[in-house]
Amino acid sequence: MQIKLKIATFNLRCNVKSDGINMFDYRKGIILDKITTEQPDIIGFQELTPPMRDFLRRHLPGYTIVGRSRGTNFDDEHVDIAFRTETIDIFELEYFWLSPTPDVPGSRYEEQSSCPRITTAGIFKHVDSNVTFRVYNTHLDHVGEGARVLGMKQILERIKFDMPVFLTGDMNALPDSEAIQLAHSKLTDLTADIQSSFHGFGKFENHKIDYIFSNLNTAYETVAWNDENNGIFLSDHYPLLTIIEM
């Protein structure tokens, strides 16, 4: 049975007052509308704070959101995975920190910023076809290039290739960077045709740092959600959506 699976990566941008009309409080309505209209089967979120997470859980009843805080407590950002409960079931869930001690909450590499970095991973099943697949969602460091390389190496070492795999995330790395070239050594960039993802609420062009990778070699189409309404964007990143045949 052939299926079409819709996978998205979405850096939501934290709710920051200095963003003015693009604070999450003002964007959240169009975010809900977009997700409800497009209905991705899987969404890898980044910069998801607990209040934002609570809002989405209340107002996206067709989705289950799984993950935990990147810090030692439960008040820091999440890189959660959301799955559409009508089409997707979950079999397994794990987290690991991008650090020399991946099982220690809040741990990080010496080369990176003060922000801990975490990967959320799970095994999921497409309900109608019983096809199982793995999803890894992450947010690499925004300061340390060395940390991004170490983080990508760690993720690639952790990935199990016993079934279809998707790696989503804000990699904070341009396509020609070492971290992204490492990903290319084992995975295909399904977003290769996308030229821009980070735009700073319309300020920048041709700055791609968000990706969806996979080990599949099959037909797919990827689009950027570049919606804008009177200066209000979905985020300071364009969310990316891949529709892949399996």
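Overview of the structure. (Residues numbered from 1 in each chain as written. Predicted model: local features only at pLDDT ≥ 70, side-chain atom pairs only at ≥ 80, totals over all residues. Heavy atoms only, no water.)

### Let's talk about the overall build of the protein
Across its full length, the protein holds four helices and 14 strands. Against the compact-globule benchmark of 18 Å for 246 residues, the protein has a radius of gyration of 17 Å, which places it among compact chains. Dimensions of the protein, computed from C-alpha atoms along their principal axes, come out at roughly 45 × 45 × 35 Å. Across the 246 residues that make up the protein, the buried fraction comes to 58%. For the protein, the exposed surface amounts to about 10700 Å²; the carbon and sulfur share of it is 47%. Here the protein carries 24 positive and 35 negative side-chain charges, and the mean point of each set is 4 Å from the other. (Helix = DSSP H or I, 4+ residues; strand = E, 2+ residues; numbered from the N terminus. Rg over C-alpha atoms; globule rule 2.2 N^0.38 Å. Buried < 20%, exposed > 50% of the residue type's maximum accessible area, 1.4 Å probe, protein only. Areas by Shrake-Rupley, 256 points an atom, 1.4 Å probe, with all protein chains shown as cover. Lys, Arg positive; Asp, Glu negative; His and termini not counted. Charge placed at Lys NZ, Arg CZ, Asp CG, Glu CD.)

### Description of the sheet that holds strand β11 (residues 220–224)
The six strands are arranged β3-β4-β2-β1-β14-β11 in an open sheet whose pairing can be described as mixed. The open sheet has two free edges, formed respectively by β3 (63–66) and β11, since each of these has just one partner strand. The mean inter-strand angle of the sheet, taken between neighbouring strand axes irrespective of direction, is 15 degrees. Across three bridges, strand β2 (residues 42–46) lies against strand β4 (residues 81–84) in antiparallel orientation. (Pairing = 2+ DSSP bridges. Axes fitted to C-alpha atoms, helices over the stretch in contact; angles between N-to-C directions.)

### Things to note about helix α2 (residues 50–59)
Each α-helix turn comprises 3.6 residues. Residues three or four places apart therefore point the same way. Buried residues of α2: Pro50, Met52, Arg53, Phe55 and Leu56, and no others. Contacts from the buried residues of α2 go to α1 (24–38), β2 and β3. (Contact = heavy atoms within 4.5 Å.)

### Quick notes on the side chain of Arg68
Locating Arg68 in the fold gives a position in the loop between β3 and β4. No salt bridge is formed by the buried Arg68; its nearest oppositely charged neighbour, Asp80, is found at 8.2 Å. One polar contact links the side chain of Arg68 to the main-chain carbonyl oxygen of Gly71, over a distance of 2.5 Å. Sequence-distant contacts of Arg68, defined by excluding residues within four places in its chain, comprise Asn73, Phe74, Glu77, His78, Asp80, Tyr95, Trp97, Pro105 and Ile118. (Salt bridge = Lys/Arg side-chain N within 4 Å of Asp/Glu carboxyl O. Polar contact = N/O pair within 3.5 Å; in protein donor to acceptor, adjacent residues only side chain to side chain.)

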